[in-house]
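Working through the structure, step by step
Here is how the chains run, residue by residue.
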Amino acid sequence: MRTKMVAGNWKMNKTLQEGVALATEIKEALKNQKPACEVVIATPFIHLATVSQVIEGSPIHLAAENCADKASGAFTGEVSAAMVRSTGAEYCILGHSERRAYYHEDYAILREKVLLALENGLKPIFCIGEVKEEREANIHEQVVKDQLEGSVFNLSAEDFAKVTLAYEPVWAIGTGLTATPEQAQEMHAYIRSLVEKKYGKQVADDTTILYGGSCNAKNAAELFANPDVDGGLIGGASLKAPDFCTIIAAR
Ligand code: PEP
């Protein structure tokens, strides 16, 4: 049975104090809720160590939103996978479309980041997805195939088993446009078929594939009802504890 998961991606939002307040509110709300899935919050680097203490003893797991593609050394302003892990974070989002687009993270850079995350005991949440023009040109399947082959299909089956995939059509991120449940299911099933071709049926069956892109308290249940949609990576709606907890309850 693969892990079902709802993960929040706070992006570059919330001061440290606001972040602590949000993590506390989610923790309190989940006391009554008893989540039926793995709950993850991905915070900015500066929040990690403090939020790690806030969520102790709760069902919430912690993620970073990124890590460096170098192990250590003279890389001013960067934060290594080892540093992330030392805060208590267990997961690391990698390959988010905003990192690919604005910080030019290509397949090779992401391959390094994934390897460093794994070497340091972090489980990658690896994002893939096509832009609007690619969907319109009907090459969305080829795009996600290339993204997987470029950065994670080099892993051993043992390491790949530690990776959570997140299908995030870029045209749906932060736009209010959501993939239809049919579009999400179709792509998730396709992604799982690629994993099966590469690693076999058992690994494919065990791979958690999240949907991300304007998933919210209203549409989450409909998206999660699909057999290959194992949960969500949630941006905007993860910044409000009641909405985030409603999405968790939908999984
Ligand atoms: C994201 O950035 O991973 C995301 C899914 O954002 P949003 O939910 O705001 O579309």
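As shown above, the structure is provided for reference.
Structure report, in brief.

Turning to the overall build of the chain, a few remarks are in order. Counting its regular elements, the chain contains 12 helices and eight strands. Whereas a compact globule of 251 residues would reach a radius of gyration of roughly 18 Å, the chain reaches 17 Å, a difference of no more than 12%. Along the three orthogonal principal directions, the C-alpha set of the chain runs to about 45 × 45 × 35 Å. The long-range share in the chain, meaning contacts at least 24 apart out of those at least 6 apart in sequence, stands at 72%. With the model as given, the accessible surface of the chain reaches about 11,100 Å², and the carbon-plus-sulfur share is 52%. Considering the chain, the positive charge centre built from 25 side chains and the negative charge centre built from 33 side chains are found 3 Å apart.

Across all of its chains, the model carries 16 salt bridges by this definition. Taking the shortest distance from any N to any O, the salt bridge between Asp230 and Lys4 comes out at 3.3 Å. Of this pair, Asp230 sits in the loop between helix 11 (220-224) and strand 8 (231-234) while Lys4 sits in the segment before strand 1 (5-9), placing them 226 residues apart in sequence. A salt bridge links Lys132 to Glu136; its shortest N-O distance comes to 3.6 Å. With Lys132 and Glu136 both in helix 6 (residues 132-136), this residue pair falls four residues apart, about one helical turn. One network of salt bridges, with partners in common, ties together Arg2, Lys4, Arg192, Asp228 and Asp230.

Residue position: Ala220 is located in helix 11. Excluding its chain neighbours within four sequence positions, the residues that come into contact with Ala220 are Cys215, Ile247 and Ala250.

Criteria and cut-off values
- Residues numbered from 1 in each chain as written.
- Predicted model: local features only at pLDDT ≥ 70, side-chain atom pairs only at ≥ 80, totals over all residues.
- Heavy atoms only, no water.
- Helix = DSSP H or I, 4+ residues; strand = E, 2+ residues; numbered from the N terminus.
- Rg over C-alpha atoms; globule rule 2.2 N^0.38 Å.
- Contact = heavy atoms within 4.5 Å.
- Areas by Shrake-Rupley, 256 points an atom, 1.4 Å probe, with all protein chains shown as cover.
- Lys, Arg positive; Asp, Glu negative; His and termini not counted.
- Charge placed at Lys NZ, Arg CZ, Asp CG, Glu CD.
- Salt bridge = Lys/Arg side-chain N within 4 Å of Asp/Glu carboxyl O.

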